[in-house]
Amino acid sequence: MTKSARCLKRAIGWVVILLAATGFAVAQAPASAEISNPLHTASAHVPFEFGVLVQSGFGVTENRNDFKFLMAGVHAGKVLTGDFGPGPLRGNFEYAVEVFPFWQSYSPKFSREMCRPGGASGVTCSAPYTVGGTFTGISITPTLLRWNFVGTRRISPWVQGGGGMIWTNHKYPAFGGPPYNLNNDGVNSDTSVWNFTPQFGVGAHYFINPRRSIDFGANAVHISSSSLGDKNPGINASVQFSVGYTWWR
């Protein structure tokens, strides 16, 4: 079993544990029609939330279909307004941050050579070596702007947009030939350990009591170094799904 497969299996295990724990919490919650989510009454009290979540997904464009993502971290947010807006659009505005101290991307491996000017052909390249594979890093989203729909006593949908950054232990994503030449494989033909993550998502909180919720989300995430490296192949689009558990105050 490969390292990425072992990590994915371990992450699936944590998701199962999280779902089992939240399922137990649902079973223990009082079956009362009086349960009301704090976002349903934000005009009287603007709540604060703190939660844990696991997120996973895949690339969806160009030659990125084989890219996979897995991360685990925390989310914190503060509702800034009371409820306002017409009819089904009525809701409130929230500012939040997310930190994923565990972030991994599993990408295809391929051979690269390091090429320099010289030799009879004008270019001299090293022996092939392998790049790609598993990248590990940390992801921080310091700006996450969310609109929480009022919803019902148990369910509150949301939409959000934000921007963050990722640091990886190697320059991401891997770049290089074939064809092997100075443009693809020269000393100035590499990416960056820093990438930016503009994103948009939708999701919902399911409240098991007024101070606890199970959370589900889907995000479209763009990954780009904004040319901090010599090359910026990026990940034009990825789809990432999350499940989490949140405490409210």
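Anything mentioned here points back to the structure above.
Residues numbered from 1 in each chain as written. Predicted model: local features only at pLDDT ≥ 70, side-chain atom pairs only at ≥ 80, totals over all residues. Heavy atoms only, no water.

Undergrad: Help me understand the state of the cysteines in this model?
TA: Where two cysteines share a covalent bond between their sulfur atoms, that bond is called a disulfide. Taken as a whole, this structure holds one disulfide when the rule is applied. Here C115 is linked by a disulfide to C125, with a sulfur-sulfur distance of 2.0 Å. Negative torsions about the S-S bond denote left-handed disulfides, and the value of about 105° found for C115 with C125 makes this one right-handed. Within this pair, whereas C115 is found in strand 4 (residues 115-117), its partner C125 is found in strand 5 (residues 123-125), the two being separated by ten residues in sequence. (Disulfide = S-S within 2.5 Å. Helix = DSSP H or I, 4+ residues; strand = E, 2+ residues; numbered from the N terminus.)

Undergrad: What is the right way to read the pattern of salt bridges from this model?
TA: Where charged atoms from two side chains of opposite charge approach closely, those side chains can pair. Counted under the stated rule, the structure contains two salt bridges. As a salt-bridge pair, R146 and E49 come within 3.6 Å of each other at their nearest N and O atoms. A residue pair is termed long-range when its members are at least 10 positions apart, and R146 in strand 6 (residues 129-149) and E49 in strand 1 (residues 48-59) qualify at 97 residues. Here R146 matches E49 in class, with each residue buried. D185 is the partner of R112 in a salt bridge, and the nearest nitrogen-oxygen pair spans 3.5 Å. Of the two residues, R112 sits in strand 3 (residues 91-112) while D185 sits in helix 2 (residues 182-185), which places them 73 residues apart along the sequence. Residue R112 is classed as buried on the basis of its relative accessible area, which comes to 4%. (Salt bridge = Lys/Arg side-chain N within 4 Å of Asp/Glu carboxyl O. Buried < 20%, exposed > 50% of the residue type's maximum accessible area, 1.4 Å probe, protein only.)

Undergrad: Is there a simple way to explain the packing of aromatic side chains in this structure?
TA: The relation between two aromatic rings is expressed through the spacing of the ring centres and the mutual angle of the planes. In total, this model carries eight aromatic pairs according to the counting rule given. Between F58 and F241 the ring centres are 6.5 Å apart and the planes differ by 45°, which places this aromatic pair in the tilted class. Residue F58 is located in strand 1, and its partner F241 is located in strand 11 (residues 235-248); the two are separated by 183 residues in the primary sequence. By relative accessible area, which is 34% here, F58 ends up partly exposed. Seen in terms of ring centroids, F84 and W147 are 5.1 Å apart; in terms of plane orientation they differ by 75°. Their pairing is edge-to-face. Here F84 is found in the loop between strand 2 (68-79) and strand 3, whereas its partner W147 is found in strand 6, with 63 residues between them in sequence. Over the ring of W158 we find R146, and its NZ or CZ is 3.9 Å from the ring centre. (Phe/Tyr/Trp six-rings, centres within 6.5 Å; stacked < 30°, edge-to-face > 60°. Lys NZ or Arg CZ within 6 Å of the ring centre and 35° of its normal.)

Undergrad: When you look at the side chain of S225 in this model, what are you seeing that I'm missing?
TA: Residue position: S225 is located in the loop between strand 10 (212-223) and strand 11. Overall, the relative accessible area of 1% leaves S225 in the buried class. Here S225 is in contact with S192, W194, N195, F196, K231 and N232, once residues within four sequence places are set aside. (Contact = heavy atoms within 4.5 Å.)

Undergrad: For this particular structure, what's the right way to read unusual backbone geometry?
TA: Backbone phi values are negative for most residues with the exception of glycine, while trans is the configuration of most peptide bonds. For the bond running from Y172 to P173, omega is -10°, close enough to zero to count as cis. Inspection of the secondary structure puts P173 in the loop between strand 7 (155-172) and helix 2. Here S226, not a glycine, exhibits a phi torsion of approximately 50°, which is positive. Inspection of the secondary structure puts S226 in the loop between strand 10 and strand 11. S226 sits in the partly exposed class, given a relative accessible area of 49%.

Undergrad: Quick question: what am I supposed to make of the pairing of strand 9 (residues 199-209) here?
TA: Both strand 7 and strand 9 contribute to a ladder of eight bridges, which runs antiparallel. Each residue of the ladder has a partner; that of V159, found in strand 9, is V202. Note: strand 9 against strand 10, ten bridges, orientation antiparallel. Opposite Q199, over in strand 10, you have V221 as the bridge partner. The hairpin formed by strand 9 and strand 10 contains two residues between the paired strands. (Pairing = 2+ DSSP bridges.)

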